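# Architecture and fold: a report
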Amino acid sequence: MKMYEISKQTVWQAYEKVKSNKGAAGVDNKTLTDFEKDLKRNLYKIWNRMSSGSYHPSPVRAVEIAKSDGKLRTLGIPTVSDRVAQMVAKIYLEPTLEQHFHEDSYGYRPNKSAHDAIGKAKERCWKYDWVIDLDIKGFFDNIDHELMMKAVQTHTDSEWLLIYIKRWLTAPMQREDGVTELRAQGTPQGGVISPLLANLFLHYAFDKWMERNYPHIPFERYADDIITHCKTEEEAETLKKAIAQRMIDCKLELHPDKTQIAYCKDANRRKDFPQTKFDFLGYTFRQRRSITKAGKVFSNFQPAISNKAAKAIRQQMREWQLHLRSGSTLEDIAVEINPKIRGWLTYYGKFYKSALRPLFETLNTRLAKWAKRKYKNLRGHMLRAIRWIENIARKDSRLFVHWQNGIQRTFG
């Protein structure tokens, strides 16, 4: 008899989910491929230890990635075994929590997406004149463990879930130089269980608090990315101060520079205010030119790809160094970069798709530079190379994903 009833089938299901998510190796340097070399034994070991109460996670591997502002964000990567174990816990706990989560919490939830949050924000920006764009300073790194466990205990009395979640929260972090650091707060970004725990924390720290104290003020939250909608500037100022205090009460802090109030300026709302735009989930919301079905031009407040996201895409295009790939065919290049292009179009083309046109004109210019370097008759003739690429696009518009909506949409 095992101390805890955890099914072997759930452990297998957890492994399948971890496999589909891929991910890097942890502190043991074992990849998914390594783990699968002795799959049955490794999964049995996880089940046996979790069921007997003897499971203890390894330290998480610290990986630093660059943020858009030049600073570094530290991710904590658990081992493959620990990711499977965390997924087991998530499979058991998530259905219970989902029954209680707020309808305007969109991040890392089944059947909800960033596009849902952006679409709802767009709709509400037409109805409400003011927005508070909230930024919680170092949210994942500063979650209070005592408050976190209190929230978990509200929804489960499962002894093994409580024990293992506590162990994951306090698992040490191992830096690249081998130094191991103890952790007294936070839940590492990179952990399978972290997004669910983060949602639960903010469910009480923000969602329920708003519902209780400001039920008339709508919001959209995607993990720790939050915007609220207000009728007046005064209401926004008052709410901003109240939220700042609420975060302090929950041992968090609003970023003083990044948290801001914005005015949703458009053709009908013409008040002068220093801030008339804000970013949310890779989109910038601001006044934009639109055309009615009858052909009338007007301006309204809506989202399109942000400058920050566009800058990141251009950087990715530069890193491809297409002009140095003269040994490749155009078909080779298409096979390699189409998945990325498709991802950009799918995500950033959902709203105000025409804002992507300059990006794809840049890509076409890079393809022309590749052609100019590859073919002797095009060398030294950039305009001729551009015309050559245009001609290919007309003849085979399905070659690149961004060509498939018609040549006139991708060339200036």
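Provided above is the structure to which this section pertains.
The text that follows walks through the structure, step by step, so that each part is easy to find. (Residues numbered from 1 in each chain as written. Predicted model: local features only at pLDDT ≥ 70, side-chain atom pairs only at ≥ 80, totals over all residues. Heavy atoms only, no water.)

## Section: the sheet that holds strand E6 (residues 219–222)
A sheet is described by the order of its strands in space; here four strands give the open sequence E6-E7-E3-E8, paired in antiparallel fashion. Taken across any chain shown, the strands that pair with only one partner, and hence form the sheet edges, are E6 and strand E8 (260–263). Across the sheet, the mean angle from the axis of one strand to that of its neighbour is 15 degrees, orientation sign disregarded. Bridge count between strand E3 (residues 130–135) and E8: four bridges; the pairing is antiparallel. Across the sheet, residue Trp-130 finds its bridge partner in E8, namely Tyr-263. Where helix H5 (residues 114–127) meets the sheet, it contacts E3, E6 and strand E7 (225–230), and its direction lies at approximately 160 degrees from that of E6. Strands E3, E6 and E7 of the sheet are contacted by helix H9 (residues 194–213), whose axis makes an angle of about 175 degrees with E6. (Pairing = 2+ DSSP bridges. Helix = DSSP H or I, 4+ residues; strand = E, 2+ residues; numbered from the N terminus. Axes fitted to C-alpha atoms, helices over the stretch in contact; angles between N-to-C directions. Contact = heavy atoms within 4.5 Å.)

## Comments concerning helix H1 (residues 8–21)
Over its 14 residues, H1 runs 20 Å from end to end, which matches the ideal 20 Å to within 8%, given 1.5 Å per residue. Regarding H1, the residues found buried are Thr-10, Val-11, Ala-14, Tyr-15 and Val-18. All buried residues of H1 fall inside an arc of 145 degrees around its axis, so they share one side. Exposed positions of H1 whose direction lies more than 90 degrees from the buried face are Gln-9 and Ser-20. Turning to H1, the residues buried within the fold contact helix H2 (32–36), helix H3 (39–52) and helix H4 (80–98). (Expected span 1.5 Å × (residues − 1). Buried < 20%, exposed > 50% of the residue type's maximum accessible area, 1.4 Å probe, protein only. Arc of directions from axis to C-beta.)

## Describing the sheet that holds strand E5 (residues 180–181)
A sheet is described by the order of its strands in space; here four strands give the open sequence E2-E1-E4-E5, paired in mixed fashion. The two strands at the open ends of the sheet, each matched to only one other strand, are strand E2 (72–77) and E5. Sheet topology places strand E1 (residues 60–66) next to strand E4 (residues 173–174); two bridges connect them, and they run parallel. Looking at E4, one finds that Val-60 is bridged to Met-173.

## With respect to the pattern of salt bridges
Applying the stated rule across the entire model yields 19 salt bridges. The salt bridge partner of Lys-37 is Asp-34, with a shortest N-O separation of 3.6 Å. What makes Lys-37 exposed here is its relative accessible area of 67%. Residues participating in the shared-partner salt-bridge network are Glu-64, Arg-175 and Glu-181. (Salt bridge = Lys/Arg side-chain N within 4 Å of Asp/Glu carboxyl O.)

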